[in-house]
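One-letter residues, chain by chain:
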There are 2 protein chains.
Amino acid sequence: MRSVTSEQVGHPSDPFAGPVLVVGAGLIGASVAMALVRAGVETYVRDVDAVVAHVAASRGAGSDADTGAEPALVVVATPPDHLAAEIKAALETFPNAVITDVGSVKARPLAELRAAVARERGSTLDLAHYVGGHPMAGSERSGPLASAADLFDGRAWAVVVRPDCSSHAVRAVERLVLLCGAVVVHMSTDEHDLAVARISHLPHLLAALTAGQLNGAPVEHLALSGQGVRDVTRVAAGDPRLWCQIVSANAEALAVLLGRVRDDIDVLLESLELHDDSRIEQLLRAGVAGTSAIPGKHGGPGLDVSAVTVAIPDEPGALATLFADARDAGINIEDLRIDHDPGRAFGLVEIDVATEYADRLIEALTARRWSAHR
Amino acid sequence: MRSVTSEQVGHPSDPFAGPVLVVGAGLIGASVAMALVRAGVETYVRDVDAVVAHVAASRGAGSDADTGAEPALVVVATPPDHLAAEIKAALETFPNAVITDVGSVKARPLAELRAAVARERGSTLDLAHYVGGHPMAGSERSGPLASAADLFDGRAWAVVVRPDCSSHAVRAVERLVLLCGAVVVHMSTDEHDLAVARISHLPHLLAALTAGQLNGAPVEHLALSGQGVRDVTRVAAGDPRLWCQIVSANAEALAVLLGRVRDDIDVLLESLELHDDSRIEQLLRAGVAGTSAIPGKHGGPGLDVSAVTVAIPDEPGALATLFADARDAGINIEDLRIDHDPGRAFGLVEIDVATEYADRLIEALTARRWSAHR
């Protein structure tokens, strides 16, 4: 991995040599188009559903008119199952354009693309113009109505360079990333798929299985739910059809990880039966170590933060007053969570601040009559 | 489940007929003691480690002196492995007192207690004085330094009533819950353990296994981590020794759920190999349904909320200004999340508001030059 700055690839506000065409006007495609329009780039958007393209265009994602203009860059933003066909169609239709995509998985669509090209004897399709990409931004929501020009601001965006990519194409995709406000992270095809299997697809599947076990639970059991189960299962609310395609397209990398988790569960089940606590504790310790392996804010080493819990009344303005008081103490809030529990007429807010400031924050809030504690 | 109000069990500020003794001065024990002191109850705190008891006492958790005063109520707040022995000791030492505990698991300690009593021929120990309890509050942090008088304010607190409990004992434990600011939720022993296996112990284990798979991942892979994996794995940072005892003590209920998850993983592995997407999607859909089974704010049916995303600069005061602006629009914030990504000099805040207010909030924030969108 290396990061690329705007100095290395030209100023990000440089326009492309021609318009950009975005194929697929869902959340990601429409957001890419809006970010390009924001950057002053002439942008067209298409979708298999013309209404979807029109909605995107009406939200500022460029034009959905078919002018026949030759694009300099085509961004394929379809669901995983259609990536290979759409990338191939773009290469065929626009032989002078650079083609990229925003797919969550890279190896299988590439293999499908290569197989499709190989099936056509005498094809002159040049894959050097295709460079894969993957912005690490999304939402449980979907569709062009959820899109936003700043969806990618400051996010990592994997640029998946292969040895057969032309340097011109790589530069163009890097420029796209910077124009969208994101940060270029270079990765090979296989590295990318292994990485997202671990940090996105496996967590999604295990969140879904955890949430699935809540079905059929008596209401009074669920009434005991706290913040833990809410956090663990949040991502499982995402679009099941889209996630099914993602999971299926990254089957190999995921199967390895899922197999390891199944082995871990077998160890847990055997240990529970044999009352062998040492192996249970070993797995729990590995989990603790794993949580601290996730990089902290701004990609640096994890910041040493402490949580301060504050009780707040459930009414407009309470959070505003709380944060005004924290601001007056000059303390930067790193993160926060709100916990709602049954039967309570107020909320608990957990505020993460740098550990060195936690006591100062508690002191400042207590002086202003907040109930604040570590 | 039924909820008990203060009217039904006497005013919660009624003192007990004597002092309360808290055995075990960790996070939960010290917090119970602090809450009782806050309520004006004479409270003593003890711990196998006298220093721990002293730290708790110095933070306002009553007295750690050994006065020999006869308690009206004993709260056993030790780790699960020591619950049965400590409950038995309390019953023996204080035959006139009501005994309760705050353990995360109820059936096994009760069985151990009954077995220990049965082993002593001619024992006159009366378990009618013992009523189990479990406050649904905690933290990834532990020890008396993390304790707080308001840890239980508004939280659910399971009161586990058995047919052989005396009504006097049940009333006393209900009063304890109300004095601590929590909400009484009645459950049977087995119901309780099934409920927490589902909404707490299984999520914890699967979060730990997800996090465990991050160990050994290349740093550049982890650099792609987003909010999803952070949320899924957060609870896995909890004390592994304590969680090992909890998991082990609830082995039977957990084994059933873990077995089902293993079966689900087998389905996933087979489906991935056979490219049978329908079964994968089915499991993902069950996950979506599970997330919506978790009760919403205040235990009512899930409120229909929408998320509004706002970009904020990474500096003190930005959140304060944002929330002041939301307050001025008269809109109540239901929940929020902050997402930090690598290389970004600002944060994205997702604000959940009732769906009917989302557009008004976006309009109000946009008018004040925030970048806000759904």
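A short tour of the structure in this document, coming up. Small disclaimer: the values here were computed from a predicted structure and weren't measured. (Residues numbered from 1 in each chain as written. Chains lettered and ligands numbered in written order. Predicted model: local features only at pLDDT ≥ 70, side-chain atom pairs only at ≥ 80, totals over all residues. Heavy atoms only, no water.)

Scanning chain A from N- to C-terminus turns up 13 helices and twelve strands. A burial count over chain A gives 59% of its 374 residues as buried. If you sum the accessible surface of chain A, you get close to 14,300 Å²; carbon and sulfur atoms cover 53% of it. (Helix = DSSP H or I, 4+ residues; strand = E, 2+ residues; numbered from the N terminus. Buried < 20%, exposed > 50% of the residue type's maximum accessible area, 1.4 Å probe, protein only. Areas by Shrake-Rupley, 256 points an atom, 1.4 Å probe, with all protein chains shown as cover.)

Residue and element names in this part refer to chain A. The tally for this structure, following the rule as stated, stands at two aromatic pairs over all chains. Taken together, a centroid distance of 5.2 Å and an interplanar angle of 55 degrees make the contact between F152 and W157 tilted. Note on F152: relative accessible area 0%, which makes it buried. (Phe/Tyr/Trp six-rings, centres within 6.5 Å; stacked < 30°, edge-to-face > 60°.)

With that out of the way, let us pick up the interface of chain A and chain B. Taken residue by residue, the interface counts 132 residues in chain A and 132 residues in chain B. Taken over both partners, the interface formed by chain A and chain B buries close to 11,900 Å², and the fraction arising from carbon and sulfur atoms is 65%. Together, A:R198, A:Q213 and A:L224 form the three largest contributors to the area buried by chain A at its contact with chain B, with a combined 7%. Along the contact surface separating chain A from chain B lie four salt bridges. In this structure, A:D266 and B:R262 form a salt bridge, with 2.6 Å as the shortest nitrogen-oxygen distance. At the junction of chain A with chain B, the criterion picks out 20 residue pairs in polar contact (both at pLDDT 80 or more). It is helix 6 (residues 189-212) of chain A that contributes the most residues to the side of chain A that touches chain B, 17 residues altogether. Class assignment for the residues of the side of chain A that touches chain B results in 69 nonpolar, 32 polar and 31 charged. (Contact = heavy atoms within 4.5 Å. Buried area = accessible area lost by both parts, 1.4 Å probe. Salt bridge = Lys/Arg side-chain N within 4 Å of Asp/Glu carboxyl O. Polar contact = N/O pair within 3.5 Å; in protein donor to acceptor, adjacent residues only side chain to side chain. Nonpolar A, V, L, I, M, F, W, Y, C, P; charged D, E, K, R; others polar.)

Here we come to the pattern of salt bridges. Should their charged atoms come close, side chains of opposite charge can pair. Residue and element names in this part refer to chain A. In the structure shown here, the tally under the stated rule is 30 salt bridges over all chains. We note a salt bridge from D359 to R374, for which the minimum N-O separation is 3.1 Å. On the criterion of sequence distance, the pair formed by D359 in helix 13 (residues 355-367) and R374 in the segment after strand 12 (372-373) is long-range, its members being 15 residues apart. On the basis of relative accessible area, D359 is assigned to the partly exposed category, the value being 46%.

As a further point, take the relation of the copies chain A and chain B. Each of the two chain copies can be generated from the other by rotation about an axis followed by a shift along it. The transform that puts chain A on chain B rotates by 180 degrees and translates by 0.0 Å along the axis, for an RMSD of 0.2 Å. What the rotation and shift describe, once combined, is the action of a two-fold rotation axis. Among all residues of chain A, the one whose C-alpha sits closest to the rotation axis is A:V232, at a distance of 1.9 Å. When the interface residues of chain A are mapped onto chain B, 98% of them again fall at the interface, so both copies present the same face. (Least-squares fit on C-alpha atoms with pLDDT ≥ 70 in both.)

This part is about the sheet that holds strand 5 (residues 98-101) of chain B. Residues and elements named next belong to chain B. Taken in spatial order, the four strands of this open sheet run 3-2-4-5, and their pairing is parallel. Two strands bound the open sheet, and with one partner strand each, they are strand 3 (43-46) and strand 5. Averaged over all adjacent pairs, the angle separating strand axes in this sheet is 20 degrees, with direction ignored. Of the pairings in the sheet, the one linking strand 2 (residues 20-23) to strand 3 comprises four bridges and is parallel in character. Within strand 3, the residue paired with V22 across the bridge is V45. Running over the sheet, helix 1 (residues 27-38) touches strand 2, strand 3 and strand 4 (73-76) and is turned about 160 degrees from strand 2. (Pairing = 2+ DSSP bridges. Axes fitted to C-alpha atoms, helices over the stretch in contact; angles between N-to-C directions.)

Quick look at unusual backbone geometry now. Even without a glycine there, the phi angle at B:H275 is positive, about 55 degrees. Position of B:H275 relative to the elements: it lies in the loop between helix 10 (251-274) and helix 11 (277-293).

Let us look at the sheet that holds strand 4 (residues 73-76) of chain A. Residues and elements named next belong to chain A. Read across the sheet, four strands follow the order 3-2-4-5 without closing on themselves; strand pairing throughout is parallel. The sheet is open, and its two edges are formed by strand 3 (43-46) and strand 5 (98-101), each paired on a single side. Across the sheet, the axes of successive neighbouring strands diverge by a mean angle of 20 degrees, strand direction being ignored. Helix 3 (residues 83-93) rests against strand 2 (20-23), strand 4 and strand 5 of the sheet, and its axis sits at about 165 degrees to strand 5. The sheet strands contacting helix 5 (residues 167-179) are strand 4 and strand 5, and the helix crosses strand 5 at an angle near 50 degrees.

Before going further, it helps to spend a moment on the nonpolar core. Core analysis: the biggest nonpolar cluster contains 60 residues, and A:L258, A:I265, B:L258 and B:I265 have the highest contact counts within it. Other than its neighbours up to four places away in sequence, A:I265 contacts B:L206, B:L209, B:L258, B:V261, B:R262 and B:I265. (Core = buried A, V, L, I, M, F, W, Y, C linked by side-chain atoms within 4.5 Å.)

So, about the packing of helix 4 (residues 107-119) of chain A against helix 6 of chain A. All names here are of chain A. It is at 9 Å that the axes of helix 4 and helix 6 come closest, and there the two elements cross at 140 degrees. In terms of axis orientation, helix 4 runs oblique to helix 6. Across the interface between the two elements, A107, R108 and L110 from helix 4 touch T189, D190 and D193 from helix 6. (Parallel < 35°, antiparallel > 145°, perpendicular 65-115°, else oblique.)

What follows is about the pairing of strand 6 (residues 132-135) of chain A. Residue and element names in this part refer to chain A. Here strand 6 shows a buried face lined by G132 and H134 and a second buried face lined by G133 and P135. As judged from the four bridges shared by strand 6 and strand 7 (residues 156-160), these two strands associate in the antiparallel manner. Bridging from a neighbouring strand, P135 pairs with W157 of strand 7.

Moving on to helix 9 (residues 240-249) of chain A. Counting buried positions along helix 9 of chain A gives eight out of ten residues, so the element sits mostly inside the fold. Turning to helix 9 of chain A, its buried residues are A:P240, A:W243, A:C244, A:Q245, A:I246, A:V247, A:S248 and A:A249. On its buried face, helix 9 of chain A sits against helix 4, helix 6 and helix 10 (251-274) of chain A together with helix 10 and helix 11 of chain B. The backbone nitrogen of A:R241 lies 3.0 Å from a side-chain oxygen of the residue at the head of helix 9 of chain A, namely A:D239.

Residue and element names in this part refer to chain B. Summarising the element assignment, L73 is placed in strand 4. For the pair L73 and I362, spaced 289 residues apart in the sequence, the C-alpha separation amounts to 53 Å. Those residues in contact with L73 that lie beyond four places of it in its chain are F16, P19, V20, L21, A97, V98, T100 and L176.

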